[in-house]
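Given next are the chains, with one letter for each unit.
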Amino acid sequence: MPLAIIIPARNEAGCIGAVLQRIPAGLAQQIIVVDNGSTDATGLIALQAGAEVYREERRGYGQACLTGLAHLRDEIDVIAVLDADGSDDPQLLQKLLQLDDADFIVTVRTLGLAKANLSPQQKFGNWLACSLIRLIWGYRYKDLGPLRVIRRDALDRLQMRDPTWGWNVEMQIKAVQHRLRIRQVDIPYGHRIAGESKISGSLIGTVKAGWKILLTIAKLRLCENRTAHHPGPVPHVRAREDATRR
């Protein structure tokens, strides 16, 4: 199925060229880099490497993803989201795309030195968010892995909205709510190629991201409570029994 890769990027001039070079030739029919207000040459380097580049001045990881989605070609059926820092190997997408029994694939950073490469604050944040999802919605996620693949028709049903760091947790919660067929895949995880993380690179970034994730969980739960007495139609895709379900 035709694949598009969306790469949100802000001030990743030291990484983006290498990330794009590592994407296997012919794997994706469309590669979109969303330059999220960079003050360096991120956009120019991505353009020279052959990607479609769109400038988005409104800051936010989710906003960059939404901008990328707005530029998808009509023939695209599957969407992958890849970080611009080089921590995830784009070649792993070949493995993920072979799992055609899933609507949504989220990666779990556990193999090799993956756990060692996650900062303490990342480990705690992932544990807290996944624990809350399990407690509230009954689904056991193991990670909020940024490398993820989703079918376009499934993503359309989720009606994603969060423009900031709540994007990934919003997607994972809504995937459970809409009974998508979810797969979690263990992958290796490395260090960023260059520069500093926007989240774990500073205490302020970590606190802001963590607060946004918790706020997103609370909002989705509140919204669910408000609509409990007015349920919508039952989704046509049945929930897949997964080994990670509680």
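From a predicted model like this one, the values you see are computed outputs, not experimental measurements.

Chemist: Give a detailed account of the overall build of the chain, specifying residues and quantitative values.
Modeler: Broken down by element type, the chain carries nine helices and seven strands. In the chain, which comprises 246 residues, the proportion classed as buried is 49%. Within the chain, counting contacts between residues at least 6 apart in sequence, those at least 24 apart form 79% of the total.

Chemist: Please give an account of the environment of Glu 12 that cites residues and values.
Modeler: Mapped onto the secondary structure, Glu 12 falls in the loop between strand E1 (3-9) and helix H1 (16-21). Exposure remark for Glu 12: the relative accessible area of 6% places this residue in the buried category.

Chemist: Just give me the short version of the nonpolar core, but keep the residues and values in it.
Modeler: Judged by nonpolar contacts, the single largest core of 36 residues is most densely connected at Phe 104, Tyr 141, Ile 150, Leu 180 and Ile 182. By residue number, the principal contributor to this core is helix H8 (residues 167-177), which donates six residues. With residues up to four places along the chain from it excluded, the contact list for Phe 104 reads Tyr 141, Arg 148, Val 149, Ile 150, Met 171, Gln 172, Ala 175, Leu 180, Arg 181, Ile 182 and Arg 183. Ranked by size, the runner-up nonpolar core spans 26 residues in total, among them Ala 9, Leu 27, Val 78 and Ala 84.

Chemist: Go over the packing of aromatic side chains with me, naming the residues and quoting the values.
Modeler: On inspection of all chains with the given rule, the structure shows three aromatic pairs. Geometrically, the ring pair formed by Phe 124 and Trp 127 is tilted, given 5.9 Å between the ring centres and 35 degrees between the ring planes. Here Phe 124 and its partner Trp 127 are both found in helix H6 (residues 120-137), three residues apart, which amounts to about one turn of the helix. Aromatic side chains Tyr 139 and Tyr 141 sit 4.8 Å apart centroid to centroid with 55 degrees between the ring planes, which places their arrangement in the tilted category. Each member of the pair Tyr 139 and Tyr 141 is classed as buried.

Chemist: Which residues make up the environment of Gly 26, and what values go with them?
Modeler: Considering the arrangement of structural elements, one finds Gly 26 in the loop between H1 and strand E2 (30-35). Look at Gly 26 and you get exposed, because its relative accessible area is 64%. Spatially, the C-alpha atom of Gly 26 lies 9.8 Å from that of Leu 3, the residues being 23 residues apart in sequence.

Chemist: Describe the pattern of salt bridges, listing the residues and the values that go with them.
Modeler: Scanning the model with the defined rule gives 12 salt bridges in all. For Asp 89, the salt bridge goes to Arg 22, with nearest N and O atoms at 3.7 Å. Of the two residues, Asp 89 sits in the loop between strand E4 (78-81) and helix H4 (93-96) while Arg 22 sits in the loop between H1 and E2, which places them 67 residues apart along the sequence.

Chemist: Which residues make up a negative patch on the surface, and what are the values?
Modeler: A cluster of like negative charges, contributed by Asp 74, Glu 75, Asp 77, Asp 153 and Asp 156, occupies part of the molecular surface. Looking at the secondary structure, you find Glu 75 in the loop between helix H3 (61-69) and E4. Classification of Glu 75 by relative accessible area gives partly exposed; the value is 41%.

Chemist: Quick one: what's the story with the pairing of E2, residue by residue and with numbers?
Modeler: E2 sits mainly inside the fold: five of its six residues count as buried. By the bridge criterion, six bridges tie E1 to E2 in an arrangement that is parallel. When the bridges of E2 are listed, Ile 6 appears paired with Ile 32. Note: E2 against strand E3 (residues 52-55), four bridges, orientation parallel. The partner of Val 34 across the bridge, within E3, is Tyr 54. Following the backbone out of E2, through helix H2 (residues 42-48) and into the adjacent parallel E3, one traces a crossover that is right-handed.

Reading the values: rules and limits
- Residues numbered from 1 in each chain as written.
- Predicted model: local features only at pLDDT ≥ 70, side-chain atom pairs only at ≥ 80, totals over all residues.
- Heavy atoms only, no water.
- Helix = DSSP H or I, 4+ residues; strand = E, 2+ residues; numbered from the N terminus.
- Buried < 20%, exposed > 50% of the residue type's maximum accessible area, 1.4 Å probe, protein only.
- Contact = heavy atoms within 4.5 Å.
- Core = buried A, V, L, I, M, F, W, Y, C linked by side-chain atoms within 4.5 Å.
- Phe/Tyr/Trp six-rings, centres within 6.5 Å; stacked < 30°, edge-to-face > 60°.
- Salt bridge = Lys/Arg side-chain N within 4 Å of Asp/Glu carboxyl O.
- Patch = residues over 30% accessible without salt bridge, like charges linked within 9 Å, V, L, I, M, F, W, Y side chains within 5 Å.
- Areas by Shrake-Rupley, 256 points an atom, 1.4 Å probe, with all protein chains shown as cover.
- Lys, Arg positive; Asp, Glu negative; His and termini not counted.
- Charge placed at Lys NZ, Arg CZ, Asp CG, Glu CD.
- Pairing = 2+ DSSP bridges.
- Right-handed = clockwise from strand over helix to strand, strands pointing away.

Everything listed here is a matter of coordinates, which is why it stays silent on function.
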